[in-house]
Amino acid sequence: MELVLAILITVVGASTPILIAALGELVVERSGVLNLGVEGMMLIGAIAGFVVQFHTGNPYLALLCGAAAGMAASLIFGFLTLSLSANQTATGLALTIFGTGFSALAGSSYSARPVTLMQPLFPAEFYSSPIIRVIFGYSFPVYFSFVMVVAIWYFLHKTRAGLILRAVGENDQSAHSIGYSVIGVRYLAVMFGGAMAGIAGACFPLLLTPQWAERMTAGRGWIAVALVVFASWKPFRLLGGAYLFGLVMTMELYAKAGGGPLSAVPSELWAALPYIATVVVLVLISIRRDASTNAPACLGKPFLPAN
Amino acid sequence: MTLSRRTFVKVGGAALALPLLGSRAFAQLEKVKIGFIYVGSINDNGYNYAHNQGRLYVEEQLGDKVETVFVENVPEGPDCERVLRELAQQGCNLIFATSFGFGDSVVKVAAQFPDIAFEHATGYMNGPNIGLYNARFYEGRAVCGTIAGHMSKTAKAGYIGSFPIPEVVMGINSFVLAARKVNPEFTIKPVYISTWNDPAKEADAARAMIDQGIDIIAQHTDGPAALQVAAERGIVGGFGQGADMSAFAPDTQLTAIIDHWGPHYLASAEAVLAGTWTPGNTWEGLKENVVQMGPYGEKVPEDVRAAADAVKNGQIDGSFHIFTGPIKDNTGTERVAAGVTMTDAELLSMDWYVEGVEQPA
């Protein structure tokens with residue numbers, strides 16, 4: 001039982017940054033923009049968060065600066081793709097490459113320097129028993145990620161602003177013709193996505209491993225991008241998807257480290273499981289005739305006003 | 001500037017002497033230019049950092065007589081060939097390729113530049129101008145294993161590996177053999193994570209092992225993530241790998257294995273300067289100071305320090321070799337007979353685990 005609780009705690013840690021980054025990307029894609037620079041923005045957020053935590057020791061300020069750094073990086077992407085109508089796929093890939101290099105440069109004098117981990121949000125008396133710890137034992141970003149799932153769902157489906165954002169993503173020409181600023185809405189969405197990716201990146205030095213290492217996000221930005229498709233652009237499915245991936249990634253390690261029946265599963269199968277799960281989910285989605293894939297109709301297309 | 005008679009004579013004399021210098025493949029030099037290529041970043045706090053420290057050591061020791069250049073994050077593959085050729089054309093006299101996967105490229109480029117000395121770390125393909133060098137990291141693992149055997153209360157350690165290559169397998173076996181000399185019940189479960197650098201995964205692997213009852217952790221990946229988790233969870237301890245990582249976990253690091261390539265790089269640079277460089281094949285360890293042990297952590301009691309020192313000193317004076325039989329593998333079959341020591345070739349192709357290692361999935 002205790003082991004199950006311990007596994008749960010590790011799963012939450014592994015899933016949180018992926019969930020936060022994917023939530024940001026979900027909003028970006030709902031506005032019709034495909035930003036493949038999530039990994040790069042996460043790394044920029046990670047180094048910004050690390051540097052601030054190292055110098056100030058204030059993890060909330062570190063998260064905030066991570067968000068600001070991610071947002072600044074996303075503005076490069078926004079300017080190129082929205083103002084200059086550059087190709088979104090190529091620009092997003094370039095942003096990832098830039099983020100990898102820039103974070104390495106900015107972090108080059110911070111090797112061999114540990115920071116302190118972010119403390120849990122609630123005081124220790126709250127989670128004296130292990131079961132309560134599974135619920136109340138985490139630091140701020142974990143609760144933030146859950147709140148954001150609900151908030152983004154509410155925003156997209158229950159508010160007028162969310163309706164406008166979806167309209168821009170589904171049919172930019174119509175939204176434009178009735179007077180909404182397509183470019184303006186998309187800029188805001190891209191900046192929100194950048195801030196979320198920055199926070200997700202800052203979670204690495206603050207929550208998972210209190211140090212700076214080059215490329216420390218190790219491809220999780222790409223998992224976040226894939227999850228948005230996996231979740232068919234729906235926030236609650238995204239929550240499920242992020243935890244499914246987190247669970248599989250964590251179970252692989254627990255199974256390898258422990259005895260018992262799970263350790264008989266070959267490690268190659270564990271490594272393949274997230275991808276098998278993706279294929280299965282995509283098949284299930286496409287079997288359901290009534291629902292389309294739910295992809296925003298204008299996803300990835302530059303907006304050029306008809307008149 | 002006018003040309004004085006004295007300078008004219010000097011320059012003329014030098015010009016006359018020039019053909020004499022060129023008559024040998026490896027001539028004496030006034031100044032040596034050395035190129036280094038690294039597979040990762042010099043800021044990884046581990047393997048590549050250590051190689052770069054070796055480069056700085058040479059610069060410090062030789063002063064004006066040396067110039068060094070380095071290229072980091074060179075992928076193992078065709079790109080490496082281009083980088084090597086570039087270094088050769090920049091006028092390097094000596095080039096160190098510091099990762100196993102650079103081997104094929106070194107062989108190709110070295111054939112095109114017969115006057116340049118190449119040295120390849122941890123490789124196996126030598127040539128008329130390709131030397132090989134490696135370090136006996138397993139000697140350090142034996143010291144760590146001795147400490148683990150004494151200090152573990154659960155008699156169970158975790159070991160995070162990158163890939164099951166002989167270098168890593170050898171380290172795990174050395175660690176377990178040394179620990180079982182102290183505590184015959186000692187076991188290890190290796191977990192391979194299929195990467196050299198993914199700190200979050202290393203940390204989660206450490207959590208997974210600690211949650212399942214290990215109280216000492218060792219790793220063969222590039223960073224200090226596992227050690228930090230050990231500190232966070234308050235287990236008995238862990239070890240630094242590649243470099244002293246005590247800055248990350250001052251109370252938890254029991255000792256560290258430090259790669260110290262400096263002396264080897266210096267010797268090669270001096271040989272090139274003197275014109276006496278020949279392609280060697282060195283595999284040096286604690287004795288030659290290429291592998292060093294970090295300071296003991298405060299937690300390590302006096303008697304354990306003494307036992308660890310004995311293992312260290314035995315390997316330095318040659319009286320102790322961790323791979324001396326009898327050694328059984330983890331299926332119970334005897335692999336090395338009593339009194340027999342495994343050869344270097346056998347060690348470098350090791351693909352089986354000794355008794356006490358739970359077979360990884």
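Thresholds, definitions, all that
- Residues numbered from 1 in each chain as written.
- Chains lettered and ligands numbered in written order.
- Predicted model: local features only at pLDDT ≥ 70, side-chain atom pairs only at ≥ 80, totals over all residues.
- Heavy atoms only, no water.
- Helix = DSSP H or I, 4+ residues; strand = E, 2+ residues; numbered from the N terminus.
- Buried < 20%, exposed > 50% of the residue type's maximum accessible area, 1.4 Å probe, protein only.
- Polar contact = N/O pair within 3.5 Å; in protein donor to acceptor, adjacent residues only side chain to side chain.
- Contact = heavy atoms within 4.5 Å.
- 1 Å grid on protein atoms, 1.4 Å probe; cavity = no way out; pocket = protein on both sides within 12 Å on 5 of 7 lines; lining within 4 Å.
- Points joined across faces, edges and corners; volume = space filled by probe spheres on them.
- Nonpolar A, V, L, I, M, F, W, Y, C, P; charged D, E, K, R; others polar.
- Domains from an automatic or database assignment.
- Buried area = accessible area lost by both parts, 1.4 Å probe.
- Salt bridge = Lys/Arg side-chain N within 4 Å of Asp/Glu carboxyl O.

**Examining the side chain of Ser99 of chain B**
Residue and element names in this part refer to chain B.
Phase 1 of the analysis: Here Ser99 is to be found in the loop between β3 (94–97) and α4 (103–112).
Phase 2 of the analysis: We classify Ser99 as buried; its relative accessible area is 8%.
Phase 3 of the analysis: A polar contact is formed between the side chain of Ser99 and the side chain of Glu76, at a distance of 2.6 Å.
Phase 4 of the analysis: Apart from the residues lying within four places of it in its own chain, the contact partners of Ser99 are Val39, Glu76, His120, Ala121 and Thr122.

**Observations concerning the layout of surface pockets**
Residue and element names in this part refer to chain B.
Phase 1 of the analysis: Of the volumes computed, that of the largest pocket is approximately 1300 Å³.
Phase 2 of the analysis: In terms of lining, the largest pocket is formed by 50 residues, of which the most central are Val39, Tyr47, Glu76, Ser99 and Trp196.
Phase 3 of the analysis: Every element with two or more residues in the lining of the largest pocket is listed here: α2 (47–62), β5 (130–135), α6 (166–182), α7 (199–211), β9 (237–242), β11 (281–284) and α11 (344–348).
Phase 4 of the analysis: Split by residue class, the lining of the largest pocket holds 19 nonpolar, 22 polar and 9 charged.
Phase 5 of the analysis: The residue makeup of the lining of the largest pocket includes at least three contributed by each of domain 1 (25–135 + 261–284) and domain 2 (137–258 + 323–348).

**Here we look at the domain arrangement of chain B**
All names here are of chain B.
Phase 1 of the analysis: Each assigned domain of chain B is listed with its residue range as follows: domain 1 (25–135 + 261–284) and domain 2 (137–258 + 323–348).
Phase 2 of the analysis: Between the C-alpha centres of domain 1 and domain 2 there is a distance of 30 Å.
Phase 3 of the analysis: Each side of the interface is counted separately: domain 1 has 10 residues, and domain 2 has 14 residues.
Phase 4 of the analysis: Summing both partners gives a buried area of about 880 Å² for domain 1 against domain 2, and 65% of it is carried by carbon and sulfur.
Phase 5 of the analysis: Contact with domain 2 buries area across many residues of domain 1, yet Asn45, Ala135 and Trp283 alone supply 57% of it, more than any other trio.

**What about the interface of chain A and chain B?**
Many authors give the size of an interface as the accessible area that is lost as the parts come together.
Phase 1 of the analysis: Taken together, the 32 residues of chain A in the interface contact 29 residues of chain B.
Phase 2 of the analysis: Buried surface at the junction of chain A and chain B, both sides included, amounts to about 2600 Å², of which 54% is carbon and sulfur.
Phase 3 of the analysis: Linking chain A to chain B there are 1 salt bridge.
Phase 4 of the analysis: Between Arg220 of chain A and Asp198 of chain B there is a salt bridge, with its nearest N and O atoms 3.2 Å apart.
Phase 5 of the analysis: Joining chain A to chain B, the criterion identifies 9 residue pairs in polar contact (both at pLDDT 80 or more).
Phase 6 of the analysis: Listing elements by their share of the side of chain A that touches chain B, those giving two or more residues are α1 (2–30), α9 (182–208) and α11 (235–257) of chain A.
Phase 7 of the analysis: Among the elements that make up the side of chain A that touches chain B, the one with the highest residue count is α11 of chain A (5 residues).

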